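Structural features, examined
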Amino acid sequence: MIVVEDLHFSYPNNVEALKGISLTIKDGEFIAIMGQNGAGKTTFIKHFNGLLKPASGTVRVDGEETVKTSVAALARNVGFVFQNPDNQLFSETVEEEIGFALKNFGYDKETIEKRITWALNLLSLEQYRKTSPFLLSGGERKRVALASVLAWDPQTLILDEPTIGQDHDQKEKLRQFIMQLQTQKKTVVIVTHDVEFVAECNPRVLLMREGKIVADGIAKNILTNPQLLSESSIVLPQIAQVFTKLSSLGLPKDVIDIYEAKEVLLRKAKESHVK
Amino acid sequence: MSVFDGLKFRKVYSPIHNLDPRIKFIYVIAIFIAAILFSQIIPLLLLFILQIPFVLLAKVQKQWLRSLRGAAFLATFIFVINILSTYFTSNFSLTALNIENAASMTLRFVVLVESFSVFFLTTSPDHLGLALEQTRVPYEFAFAFTTAVRFVPVLAEEAQTIMDAQKARGLELEKGSLLKRIRNYIPVLIPLIVSAIRRSLELAEAMESRAWGATKKRTNLYLLKLHRGDVVLIAVTATVLAVALYALLFVPIPPISSFF
Amino acid sequence: MAIIEISNLSYTYPGASKPSVNDVSLKIEKGEFVLITGPSGCGKTTLCRCFNGLVPHFYQGELKGQVTVAGKDISNSQTFDLAKHVGLVFQNPENQLFALSVEKDVAFGLENLGVPREEMRKRVDWALNLCGIYALRERSPHEVSGGQQQRVAIASVLAMQPEIIVLDEPTSFLDPLSAEKIFEVIYELNKKQGITVILVEHRLDLTAKYTDHLIVMDEGKIHLEGNPRDILYSDETKLIGVGIPKATLLYKMLKKDGLKIGGKTPLASDELAEELLEAFGKQ
């Protein structure tokens, strides 16, 4: 569980990036943090594994204050996958890359072997076990980076912009993967601009603006609020855009899912005999 | 990263900043030559004092003093070595003149370092790059210089991100023996180098796509023109050199110790 | 005559086991706005680089077939010659800007071409204004946002006044709002300046509405080509794994379930909304 109390943070150039955030994330939640560039999203998530420490206020991960704990210690429970996989790939083989963190955390050889195999299979990378990560395609490198973080099975997984540069199929696989993690009661936090992706997943959404959380609710409610979104320069998901324009038909306003949209419209059509 | 902040040129507008870098450079070389010509302390002191109006006009006092502090270590080292070598080579005796000579050597070093410091503090990389382009330096070098400067902040940020990413995988950069700590930097260096290579490839593609190499006679959007201030500086430079030469040839300069 | 003609193009990167582009033929007319899409690795990026000669000259490798761009055969023309006719804007905004100020970057191509200073100044200001970044001209590229950087990249290509501009996933790293702004700039360039635009994109929900010539690639070949309204409605496209706009998908689903809705496949939310209002209006 992550508990944040009145978090304030400023960068060395004295710009206050986080202006008093309070929040609780329970185990097993799926959260999407959204907001404009510069709202403080990445600054905020870096507090969850101690990369950044609060200037004032507290951040507690499983009861431990991050101020009192090292990044390495916090990392055991909070896995962080950065946006660009090339910022972490350095090993000669995919196998070594995945084993890196396990070695750092001091697991014994047998466990490391088991975990590596498990992670490789989880992300369909077994065929690349002995391949150099640098020879893989962009999408494959992203999977290696993800595998190397999942390898030590952290309770919480943070993904910074996981959908950038991914095509439709890759995004769909990612969505399914997150659903799988959810069934294992893992906490997943993503930072993203991708409204369509969030609309498909329907997680809890935290909307940030100028260092504060300005909205906290499920995607359905937040992504259908045109005022909130325009203040954060976010575009409504397509389905929501359609429904805003259909307000004269008296349809519900909080539809973001395509299947729900179909049902609602077909029902309305039956009522008005347009079928 | 605070280290790299020092390399980020601050856009200050002062008469010194606006001077043509080529003229500034010639001035610095003139100071360099004058400093080498003299080994007595009085002219060296004068040369040092000559820097001060420039520093004040350019409003870079704080940074200049900081670089002075940096040079102080090496300067002290030079002074001590000088004193010690004179001491041991002249039968364990030290005269006031010896000390003065050691001080002169040190001061000469300081003058050299400080005049270059003023140059770099008051010349933006853009300006410097432009100057390089407009002298007979081959364009490839000027381009390499400006591109390198352009990417310094980018690389610095990337280095920080890479360190964060690896720390988030349990890498502890501060722990362990010296050897272990050096090895711990491999997971930081490799991604940085690979990224630099990838970046240069992308840059090369972009350059090719914008007609790189189309003609040997490259033109330039900007033109460095000499202004009033530059003419004044040329005059100052010429005066300094003339006075220096005259003094060297015709004016006997007593050491300070002779006044006591 | 078409401004771009490609016949039976196949290209293999040095050391690769199979071609990235496999027997591709296509024709693009002057003034068109062409959209190319397809799953990762389908060859669209390689195809982009054929348009301005980076393939084969920069990458070497094996090229078969014929590519004629603005009347020039790319195999026999130098990249810097082709650069006068075809501008290429890349995915990563940061890595295509090298100068220390925005306007110097925009001038870069012109400096390389040896354009005299007065003419250069005019063209740089013109390009800056068309892309809406004149106010940023003295800023350093690192100080401006990703969306603004891409506009600088577009301006620096525009300044060379090419007949064709190719953009390879220019908004990958940008948020949807900045992406929309980029597409608007590109669309204006196509409509008002008559520049032929070739845009490679995944985000069909934002871009399909601009074009009537859509090309869907997969595994190095062109699988589908034609009007987006036909292509995105067909079932085949879904199989290739292309991200069909939700508005189009919903339309298709409703139609299949018997909803009496108009015949024109919508590509964007406003089009779908219009059709729905019409359909429900007919009570």
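Details of the overall build of chain A
The helix and strand tally for chain A stands at 11 helices and 10 strands. Seen through its C-alpha atoms, chain A measures out along the principal axes to roughly 70 × 45 × 30 Å. Within chain A, buried positions represent 46% of all 275 residues. Across chain A, contacts joining residues at least 24 apart in sequence account for 62% of those joining residues at least 6 apart.

Section: the overall build of chain B
Assigned secondary structure in chain B consists of 10 helices and zero strands. Taken from the N to the C terminus, the helices and strands of chain B come in the order α-α-α-α-α-α-α-α-α-α. Based on the C-alpha atoms only, the size of chain B along its principal axes is roughly 65 × 55 × 30 Å. Within chain B, the proportion of its 260 residues that are buried is 27%.

Here we look at the interface of chain A and chain B
Facing 19 residues of chain A, the contacting portion of chain B comprises 18 residues. Residue composition of the side of chain A that touches chain B, grouped by class: 13 nonpolar, five polar and one charged.

Section: the domain arrangement of chain A
For chain A, the assigned domains read domain 1 (1–77 + 154–233), domain 2 (86–153) and domain 3 (237–275). On a C-alpha basis, the centres of domain 2 of chain A and domain 3 of chain A stand 45 Å from each other.

Some thoughts on the pairing of strand 1 (residues 4–12) of chain C
Residues and elements named next belong to chain C. Taken together, the five bridges between strand 1 and strand 2 (residues 21–28) define a ladder with antiparallel strand orientation. Bridging from a neighbouring strand, I6 pairs with L26 of strand 2. With seven bridges joining them, strand 1 and strand 4 (residues 62–69) adopt antiparallel strand pairing. Bridge pairing in strand 4 places S7 opposite Q66.

Things to note about the sheet that holds strand 5 (residues 72–73) of chain C
Hydrogen bonding along the main chain pairs the strands of a sheet, whether they run parallel or antiparallel. Residues and elements named next belong to chain C. Pairing within the open sheet is antiparallel, and its four strands lie in the order 2-1-4-5. Taken across any chain shown, the strands that pair with only one partner, and hence form the sheet edges, are strand 2 and strand 5. Its contacts with the sheet place helix 1 (residues 44–51) against strand 1, strand 2 and strand 4, and it is angled at close to 125 degrees to strand 1.

Quick word on the environment of L128(B)
Residues and elements named next belong to chain B. Summarising the element assignment, L128 is placed in helix 6 (residues 125–134). Sequence spacing of L128 and R22 is 106 residues, and the spatial spacing of their C-alpha atoms is 8.4 Å. Those residues in contact with L128 that sit more than four places away from it in its chain are P21 and T123.

Thoughts on the nonpolar core
Within the largest apolar cluster, 187 residues are counted, with the highest numbers of intra-cluster contacts made by I33(A), A147(A), A151(A), V198(A), L223(A) and A155(C). Discounting residues that sit within four places of it in the chain, A151(A) has contacts with I98(A), A101(A), L102(A), R115(A), I116(A) and A119(A). One finds I41(B), F54(B), V60(B) and L121(B) within the second-largest nonpolar core, a separate group that totals 23 residues.

Quick word on the interface of chain B and chain C
Facing 28 residues of chain B, the contacting portion of chain C comprises 36 residues. Broken down by secondary-structure element, the contributors of at least two residues to the side of chain B that touches chain C are helix 6, helix 7 (139–167) and helix 9 (186–209) of chain B.

Some points on the pairing of strand 4 (residues 56–61) of chain A
Residues and elements named next belong to chain A. Relative to strand 4, strand 1 (residues 2–10) is paired through five bridges, and the arrangement is antiparallel. Bridging across to strand 4, H8 finds its partner in S56. Sheet analysis places strand 4 next to strand 5 (residues 64–65), joined by two bridges and oriented antiparallel. Its bridge partner lying in strand 5, R60 is registered against E65. From the end of strand 4 to the start of strand 5, which pair antiparallel, there are two residues, and D62 there has a positive phi angle of about 50 degrees.

A word on the confidence of the model for chain A
Low pLDDT marks regions whose predicted coordinates should not be analysed in detail. On average, residues of chain A carry a pLDDT of 92, and 99% of them reach 70 or more. Predicted confidence in chain A is weakest over helix 11 (residues 258–271) of chain A, with a mean pLDDT of 90, and strongest over strand 8 (residues 187–191) of chain A, with 97.

Considerations on the packing of helix 2 (residues 21–37) of chain B against helix 10 (residues 228–250) of chain B
All names here are of chain B. The contact between helix 2 and helix 10 brings their axes to 10 Å, and the two run at 10 degrees. Accordingly, the angle class assigned to the pair helix 2 and helix 10 is roughly parallel. Facing helix 2, whose interface residues are I23, K24, I26, Y27, A30, A34 and L37, helix 10 presents D230, L233, I234, T237, V240, L241, A244 and L248. Looking at the contact of helix 2 with helix 10 residue by residue, the classes come out as 12 nonpolar, one polar and two charged.

Looking at the environment of T66(A)
Residues and elements named next belong to chain A. Following the sequence through the fold, T66 ends up in the loop between strand 5 and helix 2 (71–75). Residue classification places T66 among the buried residues on the basis of 24 C-beta atoms within 10 Å. Apart from the residues lying within four places of it in its own chain, the contact partners of T66 are H47, G50, K53, V59, V61 and L74.

A short note on the sheet that holds strand 10 (residues 212–218) of chain A
Residues and elements named next belong to chain A. Taken in spatial order, the six strands line up as 6-7-8-3-9-10 in an open sheet, and their pairing is mixed. Only two strands of the sheet have a single partner each, and these edge strands are strand 6 (78–81) and strand 10. Averaged over all pairs of adjacent strands, the angle between their axes in this sheet comes to 20 degrees, without regard to strand direction. Bridge analysis of strand 7 (residues 156–160) against strand 8 gives five bridges, and the strand direction is parallel. Following the sheet pairing, D160 is matched in strand 8 by V191. Here helix 6 (residues 168–183) sits on the sheet in contact with strand 3 (30–35), strand 7 and strand 8, set at roughly 150 degrees to strand 8.

Re unusual backbone geometry
Residues and elements named next belong to chain C. Following V55, the chain continues to P56 via a peptide bond in cis, the omega torsion being 5 degrees. By the element assignment, P56 lies in helix 2 (residues 54–58). A positive phi is found at D23, a non-glycine position, where the angle reads about 55 degrees. Mapped onto the elements of the fold, D23 is located in strand 2.

Comments concerning the environment of G220(C)
Residues and elements named next belong to chain C. Relative to the helices and strands, G220 resides in the loop between strand 9 (213–218) and strand 10 (221–226). Of the residues examined, G220 has 23 C-beta atoms within 10 Å and is grouped as buried. A sequence separation of 18 residues divides G220 from K238, and the C-alpha atoms of the two residues are 18 Å apart. In contact with G220, other than residues within four places in its own chain, are P19, S20, V21, N22, C42 and G43.

Some details on helix 7 of chain B
The terminal C-alpha atoms of helix 7 of chain B, which comprises 29 residues, lie 41 Å apart, in line with the 42 Å expected from a rise of 1.5 Å per residue. At V152(B), helix 7 of chain B is bent by approximately 40 degrees, the largest bend along its length, and proline P153(B) sits one to four residues beyond. The inward-facing, buried residues of helix 7 of chain B abut helix 2 of chain A together with helix 6 and helix 9 of chain B.

Focus: the domain arrangement of chain B
Domains assigned within chain B are domain 1 (13–123 + 226–259) and domain 2 (137–209). Using only C-alpha atoms to locate each centre, domain 1 of chain B and domain 2 of chain B end up separated by 37 Å.

Observations concerning the packing of helix 4 (residues 61–89) of chain B against helix 5 (residues 96–121) of chain B
Residues and elements named next belong to chain B. One way to put it is that helix 4 packs onto helix 5 with a least axis distance of 9 Å and a crossing angle of 155 degrees. The orientation of helix 4 with respect to helix 5, classified from their angle, is roughly antiparallel. Seen from above, helix 4 lies across helix 5 with right-handed handedness. Split by residue class, the contact of helix 4 with helix 5 holds 16 nonpolar, seven polar and one charged.

Things to note about the confidence of the model for chain B
Residues and elements named next belong to chain B. Within chain B, residue pLDDT values average 85, and 94% of them lie at 70 or more. Mean pLDDT in chain B bottoms out at helix 1 (residues 2–5), which sits at 38, and peaks at helix 9, which reaches 94. In this model residues 1–8 is a low-confidence stretch, pLDDT under 50, and it forms eight contacts with partners more than four residues away in sequence or in other chains. Interface confidence for the predicted complex, given as ipTM, is 0.90, next to a pTM of 0.88.

What counts and how
- Residues numbered from 1 in each chain as written.
- Chains lettered and ligands numbered in written order.
- Predicted model: local features only at pLDDT ≥ 70, side-chain atom pairs only at ≥ 80, totals over all residues.
- Helix = DSSP H or I, 4+ residues; strand = E, 2+ residues; numbered from the N terminus.
- Buried ≥ 20, exposed ≤ 12 C-beta atoms within 10 Å, placed from the backbone.
- Contact = placed C-beta atoms within 7 Å.
- Nonpolar A, V, L, I, M, F, W, Y, C, P; charged D, E, K, R; others polar.
- Domains from an automatic or database assignment.
- Pairing = 2+ DSSP bridges.
- Axes fitted to C-alpha atoms, helices over the stretch in contact; angles between N-to-C directions.
- Core = buried A, V, L, I, M, F, W, Y, C linked by C-beta atoms within 7 Å.
- pLDDT = per-residue confidence, 0-100.
- Parallel < 35°, antiparallel > 145°, perpendicular 65-115°, else oblique.
- Expected span 1.5 Å × (residues − 1).
- Bend = angle between axes of the 7 residues up to and from the residue.
- Left-handed = near helix turned anticlockwise from the far one by under 90°.

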